[in-house]
Amino acid sequence: MVQKILKKVKNRLFSDQWALYKKEKHLLNKPFYFEGNNGKAVLLIHGWTCTPYEVRRLGKYLNENGYTVYGPMLRGHGTVPKDIENVKWNEWLEDIEKEFLKLREKYEKVYVGGTSLGANITMLLAEKYSDAAALILMAAPYKFKLEKLSEIIARIVVKFQRYRKKTYPPTLGAARTITRLISYQTYPVKSIFQAFELVKRSRDILSEIKQPCLMIQSTHDHMVVKDNMEQLYNKIGSKNKKKKYVEKAYHTFISDIENEHIFKDILQFINEN
């Protein structure tokens with residue numbers, strides 16, 4: 001029995017994510033719920049324009065180690081880009097808040113993790129609900145690179161262009177990356193302002209967050225300011241906090257990660273808290 005469990009965990013941890021993607025194509029735009037056996041739950045939040053599949057492999061790994069793991073779909077995602085055009089940032093927070101409260105009713109502890117803007121939603125949820133057991137912030141923007149200028153340009157662009165196509169760094173945004181394959185590649189310019197506002201709001205409440213917190217960021221994150229993680233680490237109110245860097249990965253790295261020790265680090269952090 002123990003050998004079977006270990007084999008399942010090993011297979012999930014070191015599986016070829018590209019082969020897994022091809023096998024699980026029918027799941028790319030679906031939420032997931034894996035029932036565990038230790039009475040504790042993990043709520044995982046995907047990033048802007050993406051789907052829960054972004055955190056599915058991590059969710060399966062945590063589930064194979066006893067946790068119930070739920071990856072809901074944020075409003076306007078998993079369909080077509082126009083569906084997020086008029087969604088407000090607080091509606092995403094409301095969606096996650098409802099799911100957190102459902103899990104809280106059933107499980108002894110509920111941990112919350114998010115990637116990119118999903119991490120910012122995690123921060124806002126944690127500030128409101130102090131009983132969130134611990135936080136996993138992956139690729140969390142403290143501040144976007146050229147944030148003020150980008151917002152000014154977006155306000156000009158939106159008057160002439162409704163949608164824009166994403167651009168990627170040539171070395172880290174390869175066409176075969178899972179994140180790129182499962183997310184909207186065209187986005188409504190109007191929705192960018194919700195992303196800016198979400199980051200600003202989470203920045204404002206950092207000192208109010210007290211839960212244990214694990215922060216993970218790529219050393220080559222092209223989306224955020226150079227000292228993004230240091231700013232986040234220094235300003236968050238948590239006394240129990242850890243930071244880890246992933247080498248040479250794209251901004252949202254968790255679905256494509258080859259540094260699989262990060263899965264183990266996340267599990268260890270949750271087990272310790």
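Here goes a summary of the coordinates provided. (Residues numbered from 1 in each chain as written. Predicted model: local features only at pLDDT ≥ 70, side-chain atom pairs only at ≥ 80, totals over all residues. Heavy atoms only, no water.)

Below, the discussion takes up helix α5 (residues 117–128). Along an α-helix, residues three or four apart share an orientation, since each turn contains 3.6 residues. Here α5 contains 12 residues, and its C-alpha end-to-end distance of 17 Å stays within 8% of the 16 Å for a straight helix at 1.5 Å per residue. Turning to α5, the residues buried within the fold contact β2 (40–45), α4 (89–106), β4 (109–115), β5 (135–138), α8 (189–204) and α9 (228–235). (Helix = DSSP H or I, 4+ residues; strand = E, 2+ residues; numbered from the N terminus. Expected span 1.5 Å × (residues − 1). Contact = heavy atoms within 4.5 Å.)

Among the residues making up helix α6 (residues 147–157), those that are buried are Glu147, Glu151, Ala154 and Val157. Viewed end-on, α6 has its buried residues packed into an arc of 125°, placing them on one side of the element. Summarising the geometry of α6, the exposed residues directed more than 90 degrees from the buried face are Lys148 and Ile152. (Buried < 20%, exposed > 50% of the residue type's maximum accessible area, 1.4 Å probe, protein only. Arc of directions from axis to C-beta.)

This brings us to the environment of Ala119. Secondary-structure assignment places Ala119 in helix α5. Sequence separation between Ala119 and His46 is 73 residues, and the spatial gap between their C-alpha atoms is 8.2 Å. In this view, Ala119 contacts Gly114, Leu137, Met138 and Ala140; residues no more than four positions away in its chain are not counted.

This part covers the environment of His220. As for its position among the elements, His220 is in the loop between β8 (213–218) and α9. You can call His220 partly exposed: its relative accessible area is 38%. C-alpha separation for the pair His220 and Tyr250, spaced 30 residues apart in sequence, amounts to 6.7 Å. Polar contacts involving the side chain of His220 include one to the side chain of Thr219, which spans 2.8 Å. (Polar contact = N/O pair within 3.5 Å; in protein donor to acceptor, adjacent residues only side chain to side chain.)

Closest axis-to-axis distance for the α4/α5 pair is 10 Å, and the angle between their directions is 60°. Taken together, the axes of α4 and α5 lie oblique to each other. Crossing handedness for the pair α4 and α5: right-handed. Residue-level contacts link Trp89, Trp92, Leu93, Ile96, Glu97 and Phe100 of α4 to Ile121, Leu124, Leu125 and Lys128 of α5. Across the contact of α4 with α5, the residue classes tally to eight nonpolar, no polar and two charged. (Axes fitted to C-alpha atoms, helices over the stretch in contact; angles between N-to-C directions. Parallel < 35°, antiparallel > 145°, perpendicular 65-115°, else oblique. Left-handed = near helix turned anticlockwise from the far one by under 90°. Nonpolar A, V, L, I, M, F, W, Y, C, P; charged D, E, K, R; others polar.)

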